[in-house]
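# Structural characterization, general
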Amino acid sequence: MKRIKLLFVLFCTVHALSAQTILPTPEVFIVNKGEYRMPGHVKVSVNDTQSYFLPFMKEVLKAQVGSSMSVSKNPDKGDIVFILDKSKADEAYELTINPKKIEIRASGEGGFFYAVQSINQLLIGNSSGKLPCAVIKDAPRYKLRSFLLDSGRQYQKVSTIKKYLDMMAMLKMNTFHWHLTEGLGWRLEIKKYPELTRKGAFVGTDAEQQGFYTQKDVKEIIRYASARNITVMPEIDMPGHAEAALAAYPQFSCFGQSPGLKKGQAFSENIFCAGKPQTMTFLKDVLNEVCELFPSNYIHVGGDEAPKGNWNRCPDCQALIKRKNLKNSEQLQAYFSADIAGYLKSKGKKAVFWDEVLNEEDYELPDNVVVHWWGYRARKEKPLFTAIKKGYEVICGTNYYTYLNFPLTPWKGYQENRTVDIRQIYEQNPSMNRDSNSLVIGMSCALWTDDNVRESMIDQRLFPRIFALAEQMWYRGQLISFEDYYKKIQQVRPYFEKLGYEYGPGLRSEVPANYSWE
Ligand code: ACM
Ligand code: ZN
């Protein structure tokens, strides 16, 4: 009887340990016999004691098991040994847990950081500090894995942005696409043009549409992000979505007017005038400060949803069309985009555009252009295939199904055909599995803030659906069934809730009657 009881206890222990969940799923995760117990004081050995993953490792040990930590360069003395292995791919890591110690191999800080993230998840709900002996070999599917936050339509506090950088780090996303300018707000301090924020950051009427980020705030966000293996890719949208900038500087519009957005209007034809040299000088001045501020190789310059009504009537735009032998205002946007991309190229940057940049398919663009494929609802796969045919790099962020502002059930401007649940994302997202072509460098997801999505409304839109997107961005294997994956998500839910993230419903069938999206 005693023996049976012992066997039962053993079985339960092994079962509990092997049921540990790491999300997004590692490529290889083999659980072996035995376990490692984290000591009360953990000695960590590293090549470089300045490494940015070390403060995070210390935090994890303190928060999850109450252990202290010291760092040395002596690999023989380490309980956790970080080994630089240049044969490993960028951001890949190999984690070996045996009864005596933990070894982590990676080619750089990104891989080490993600190994610590995985250890963190293994320690969730496991204050005893026991880990199963295991081998994990892991590497990302997409090189660029991004989350867009729309700080243009709504302003979020710096602390809120940090909260989502923490979330990204846990989900192994490495690019924060920061949408900083919109019709309803220009949020980035530009020293040469102070009216942009003095006036342009206060054109909205909602309480959370007031404010901007000083260059000091931006530097702090870049610092916080880079300590989490995240690059901040800024977006300065042009020529459209520019009503806030034009409220501050109407002289850069076609007719020197700044009518602003009408109630409920997402964008208008009041766009930057491509025909006025002073407008181009202004935009390049802005990009000078942006390139100075943001170390990112990728600078996003928008280019979406720019109606041509004003350009069609503007003497300056029409004169430029004639001078450059362009067909029409649509081609003028291609000319404008090529000019901006060329300028960014001269600064050693890649220029990312929404997929309208390919509307004039035959227009030659500079080779630093990157296409952000988004318009799946209107254009299906055409932009993806055109970009690949023309040899441009692509980021996949289709509005079916990577836009997390689309709720699960209708709300405000979101009718039934603009709703999505986690099963649809997991099973039908057109942006997944596009990495077989090496021009496809990334996958993105987005939280736009149309219709006044305030800070308190973001979590319920992200959680739990963002787990499906993180899995598609990171996991290199064949996705398991949705039902099994959904069970894994439930396992990590208490941890994310403990950290303060609030879950909304995942499946349509889970949306309670009278559920509020606000
Ligand atoms: C977009 O959703 N307008 C890029
Ligand atoms: Zn014009």
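Residues numbered from 1 in each chain as written. Chains lettered and ligands numbered in written order. Predicted model: local features only at pLDDT ≥ 70, side-chain atom pairs only at ≥ 80, totals over all residues. Heavy atoms only, no water.

### Focus on the overall build of the protein
In plain terms, the rule: Segments assigned H or I by DSSP are reported as helices when at least four residues long, segments assigned E as strands when at least two residues long, and all are numbered from the N terminus. Each residue gets one of three labels from its accessible area relative to the maximum for its type: buried under 20%, exposed over 50%, partly exposed in between, using a 1.4 Å probe on protein chains only. Note on contacts: a residue pair qualifies if any of its non-hydrogen atoms lie within 4.5 Å across the two residues. Throughout, the Shrake-Rupley method with a 1.4 Å probe supplies accessible areas, and for residues the shown protein chains are the sole cover considered. Charged residues are defined narrowly, with Lys and Arg counted positive, Asp and Glu counted negative, and His plus the chain ends left uncounted. By convention, the charge on Lys lies at NZ, on Arg at CZ, on Asp at CG and on Glu at CD.
In terms of regular secondary structure, the protein is built from 17 helices and 17 strands. Judged by the C-alpha coordinates and their principal axes, the protein covers about 90 × 55 × 45 Å. A burial count over the protein gives 59% of its 518 residues as buried. Intrachain contacts of the protein at a sequence separation of at least 6 include 75% that bridge at least 24 residues. Of the roughly 21200 Å² that the protein leaves accessible, carbon and sulfur atoms contribute 52%. Averaging the locations of the 67 positively and 58 negatively charged side chains of the protein gives two centres separated by 4 Å.

### Quick word on the coordination of the zinc ion (ligand 2)
Going by this rule: Only N, O and S atoms count as donors, using a 2.8 Å cut-off from the metal and 3.2 Å for Na, K and Ca, and because water is excluded some sites may appear unfinished. The rule is simple: four donors are tetrahedral if all their angles sit between 85 and 135 degrees, four are square planar and six octahedral if opposite donors span more than 155 degrees and the others lie between 65 and 115, and anything that fits none of that is irregular.
Taken together, Cys254 (SG), Cys273 (SG), Cys314 (SG) and Cys317 (SG) make up the protein donors of the zinc ion (ligand 2), found 2.3 to 2.4 Å from the metal. Metal-centred angles of 105 to 113° between the four donor atoms at the zinc ion (ligand 2) mark the site as tetrahedral. Within one chain, the residues serving as donors to the zinc ion (ligand 2) are arranged as C-x18-C-x40-C-x2-C. In this pair, cysteine 273 is assigned in the loop between helix H7 (243–248) and helix H8 (277–293) and cysteine 317 in helix H10 (residues 315–323), connecting sequence segments 44 residues apart. One exposure class covers both cysteine 273 and cysteine 317, and it is buried.

### What to know about the sheet that holds strand E2 (residues 41–45)
Think of a sheet as strands paired side by side through backbone hydrogen bonds, with each pair either parallel or antiparallel. Filter applied, for reference: Here, any two strands with at least 2 DSSP bridges between them count as paired. A fitted line through C-alpha atoms represents every axis, and for helices the fit uses only the stretch in contact; the resulting angles, taken between N-to-C directions, go from 0 to 180 degrees.
If you walk across this open sheet you meet the seven strands as E1-E7-E5-E6-E4-E2-E3, and the pairing is mixed. Bordering the open sheet on either side are strand E1 (28–37) and strand E3 (68–72), each of which pairs with just one other strand. Averaged over all neighbouring strand pairs, the angle between strand axes comes to 20°, with direction disregarded. Alignment of E1 against strand E7 (residues 130–138), held across seven bridges, turns out to be antiparallel. Bridged to valine 28 within E7 is lysine 137.

### Thoughts on the pattern of salt bridges
Our working definition: Salt bridge criterion: a side-chain nitrogen from Lys or Arg within 4 Å of a carboxyl oxygen from Asp or Glu.
Per the stated rule, a full pass over the model turns up 37 salt bridges. When the shortest N-O distance is used, the salt bridge between arginine 141 and aspartate 435 registers 2.7 Å. In this pair, arginine 141 is assigned in the loop between E7 and strand E8 (144–150) and aspartate 435 in the loop between helix H14 (422–428) and strand E17 (440–447), connecting sequence segments 294 residues apart. Owing to a relative accessible area of 18%, arginine 141 belongs among the buried residues under this scheme. When the shortest N-O distance is used, the salt bridge between lysine 192 and aspartate 285 registers 3.4 Å. Of this pair, lysine 192 sits in the loop between strand E11 (185–186) and helix H5 (195–198) while aspartate 285 sits in helix H8, and the two are 93 residues apart along the sequence.

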